[in-house]
Amino acid sequence: MIYLDNNASTKLDAEVAVAMAEAADLFGNPSSVHAEGRMARRRIEEARDEVARLVGASSEEIFFTSGGTESNALALFGAAGQTQVPGRLVRTAAEHPSVAQAMDRLATRGGFESVVVAPRPSGVLDPDELLAAIAADTRLVSVMAANNEYGALYPVADLAPAAHARGALFHTDAVQAAGRIPVDVRAWQVDLASFSAHKMHGPKGVGALYVRRGLPLQAHTPGGGQEKKLRAGTENTAGIVGFGCAARLARERLNGEAASIAARRDRLERGLCERIPGVRVIGAGGSRLPNTSAVLFEGVRGETLIIRLDLEGIAVSTGSACSSGTLLPSPAIRSLGLSLEQAGSVVRFSLSRSTTDSELTRVLEVVPRIVAQARQVGSDGAIETVEELARR
Ligand code: PLP
């Protein structure tokens with residue numbers, strides 16, 4: 001299998017797997033005072049140090065969670081819960097559903113006003129437009145560091161101090177950024193930042209929230225007081241140890257890897273544009289993650305390509321989010337001004353440190369053929385359903 005869906009999840013690094021297997025023996029409850037408990041606690045604290053180092057935080061500012069989704073919820077509901085009077089919340093249209101839906105809920109049930117700012121059709125976020133949305137009563141601004149669907153990088157280091165100057169807190173969802181580009185929460189001056197282990201060759205079901213020292217945040221789970229009373233529940237020792245190991249590897253390898261991954265991504269994009277008519281790379285004009293390429297293949301349904309590519313042993317994904325049983329193009333992609341049909345024709349290729357040149361050579365052989373076949377079926381008037389393809 002040629003795996004080009006690393007923004008969905010990454011393969012567990014072999015070294016991480018070894019660290020987790022060893023940590024599986026740490027059965028003591030990390031809150032227990034006996035030796036078994038203390039051993040688990042020590043490994044958790046070592047992992048906390050590693051995550052903190054990767055993102056430029058102090059260890060005591062890192063709180064472990066069950067993943068990026070929970071970190072985003074804790075950031076948004078936690079910050080909103082501290083406010084005496086509800087006010088405005090500002091986000092981009094490109095945010096992950098875990099941010100978008102948390103804000104929607106705060107608007108419908110919490111009395112907040114949610115304001116959404118769309119990036120330009122090029123994928124670039126205009127800082128002035130975002131800042132213009134911050135009113136005197138704005139409580140929190142949430143802007144992702146890197147977009148998961150087309151990889152755009154947003155200028156959080158410029159936006160966070162400007163939001164503070166207007167009296168608002170600043171959260172960034174850095175789930176896709178950490179391990180792929182340098183992340184420095186202190187230099188960025190953000191108050192809150194979300195991370196997830198499985199996007200950096202760590203395990204699923206573990207993440208972290210950076211909370212700037214001294215920032216009050218409302219806990220959302222009552223219980224045993226773990227994670228300094230912010231996130232109760234017995235810690236996932238093996239998962240956290242795996243996260244720590246993945247964070248260390250990401251820090252050690254980041255500089256060397258990013259350029260080679262970007263070079264491969266660029267080769268892929270060039271090859272697709274040269275070989276296939278009616279192809280456009282989304283967000284190509286702005287700064288992007290080195291590993292991400294969202295490609296619009298005019299006149300072809302994204303799901304059709306994905307299933308045909310899967311049959312050829314190539315794993316990619318669409319810019320679609322499964323909603324109520326129907327595949328709807330994602331709001332983030334649509335907010336770039338694409339029609340429903342165009343947004344449904346976007347396929348995301350996301351590379352990793354293990355993507356090889358020979359894999360890309362094969363992808364560049366297969367994709368033009370698959371696109372031509374899919375377009376031919378479309379022009380013959382035949383309706384090729386996703387279910388039909390999946391049965392083959
Ligand atoms: N935020 C972004 C930008 C993501 O891409 C994802 C996962 O795809 C999440 C949050 C959710 O992270 P998790 O899967 O760890 O809950």
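Residues numbered from 1 in each chain as written. Predicted model: local features only at pLDDT ≥ 70, side-chain atom pairs only at ≥ 80, totals over all residues. Heavy atoms only, no water.

Draft legend 1. Region of the structure containing the pairing of strand β7 (residues 192-196). Counting buried positions along β7 gives 5 out of 5 residues, so the element sits mostly inside the fold. Side chains Leu192, Ser194 and Ser196 of β7 all project onto a buried face; the interleaved residues Ala193 and Phe195 project onto the opposite face, where all are buried too. Bridging between strand β6 (residues 169-173) and β7 involves 3 bridges; their strand directions are parallel. Its bridge partner being in β7, aspartate 173 is matched across the sheet by serine 194. (Buried < 20%, exposed > 50% of the residue type's maximum accessible area, 1.4 Å probe, protein only. Helix = DSSP H or I, 4+ residues; strand = E, 2+ residues; numbered from the N terminus. Pairing = 2+ DSSP bridges.)

Draft legend 2. Local environment of the environment of glycine 378. If you trace the backbone, glycine 378 turns up in helix α12 (residues 357-379). Relative accessible area serves as the criterion here: at 47%, glycine 378 is assigned to the partly exposed category. Here the alpha-carbon distance between glycine 378 and valine 18, two residues 360 residues apart in the chain, equals 48 Å.

Draft legend 3. Local environment of the site of the ligand. Thr69, Asp173, Gln176, Ser196 and Lys199 are the nearest of the 14 residues found near the ligand. Glycine 68 has a polar backbone atom sitting 2.8 Å from an oxygen atom of the ligand. Here the ligand loses 86% of its free accessible area of 390 Å² to cover by the protein chains. Here the shell around the ligand takes 3 residues from helix α3 (residues 68-82), the largest share from any one element. (Near = heavy atom within 4 Å. Polar contact = N/O pair within 3.5 Å; in protein donor to acceptor, adjacent residues only side chain to side chain. Areas by Shrake-Rupley, 256 points an atom, 1.4 Å probe, with all protein chains shown as cover.)

Draft legend 4. Summary view of the sheet that holds strand β8 (residues 207-211). Pairing is mixed in the open sheet, where 7 strands are placed in the order β2-β8-β7-β6-β5-β3-β4. Each of the sheet's edge strands pairs with one partner strand only, and the pair in question is β2 (62-65) and β4 (113-117). Strand-to-strand twist across the sheet, computed as the mean angle between neighbouring axes with direction ignored, equals 20 degrees. Pairing of strand β3 (residues 88-92) with strand β5 (residues 138-142), which is carried by 4 bridges, proceeds in the parallel orientation. Within β5, the residue paired with leucine 89 across the bridge is leucine 140. (Axes fitted to C-alpha atoms, helices over the stretch in contact; angles between N-to-C directions.)

Draft legend 5. Structural detail: the environment of leucine 351. Within the secondary structure layout, leucine 351 lies in the loop between β15 (346-350) and α12. Taking the C-alpha atoms as reference, leucine 351 lies 23 Å from leucine 336; in sequence the two are 15 residues apart. In contact with leucine 351, other than residues within four places in its own chain, are Leu4, Asn6, Ile261, Arg264, Arg265, Leu268, Asn291 and Leu360. (Contact = heavy atoms within 4.5 Å.)

Draft legend 6. View of the domain arrangement of the chain. If you check the domain split of the chain, you get domain 1 (14-249) and domain 2 (254-391). Once you take the C-alpha centre of each, domain 1 and domain 2 turn out to be 29 Å apart. Counting residues at the interface gives 25 residues for domain 1, matched by 22 residues for domain 2. Taken together, both faces of the contact between domain 1 and domain 2 bury some 1,900 Å²; the carbon and sulfur share is 59%. Per-residue buried area on domain 1 facing domain 2 is highest for Glu149, Tyr150 and Arg180; these three make up 36% of the total on that side. Where domain 1 meets domain 2, there are 4 residue pairs in polar contact (both at pLDDT 80 or more). Taken together, the residues of the side of domain 1 that touches domain 2 break down into 14 nonpolar, 8 polar and 3 charged. (Domains from an automatic or database assignment. Buried area = accessible area lost by both parts, 1.4 Å probe. Nonpolar A, V, L, I, M, F, W, Y, C, P; charged D, E, K, R; others polar.)

Draft legend 7. Up close: the packing of aromatic side chains. A full pass over the atoms with the stated rule returns 2 aromatic pairs. A centroid spacing of 6.1 Å and a plane angle of 65 degrees characterise the contact between phenylalanine 64 and phenylalanine 243, whose relative ring orientation is edge-to-face. One end of the pair, phenylalanine 64, is in strand β2; the other, phenylalanine 243, is in helix α8 (residues 237-275), with 179 residues separating them in the sequence. Here phenylalanine 64 matches phenylalanine 243 in class, with each residue buried. Ring geometry for phenylalanine 297 and phenylalanine 349: centres 6.5 Å apart, planes at 65 degrees, overall edge-to-face. Note that phenylalanine 297 is positioned in strand β10 (residues 292-297) and phenylalanine 349 in strand β15, a separation of 52 residues in sequence. In this structure phenylalanine 297 comes out as buried when scored by relative accessible area, which is 0%. Looking at phenylalanine 349, the relative accessible area reads 0%, which means it is buried. (Phe/Tyr/Trp six-rings, centres within 6.5 Å; stacked < 30°, edge-to-face > 60°.)

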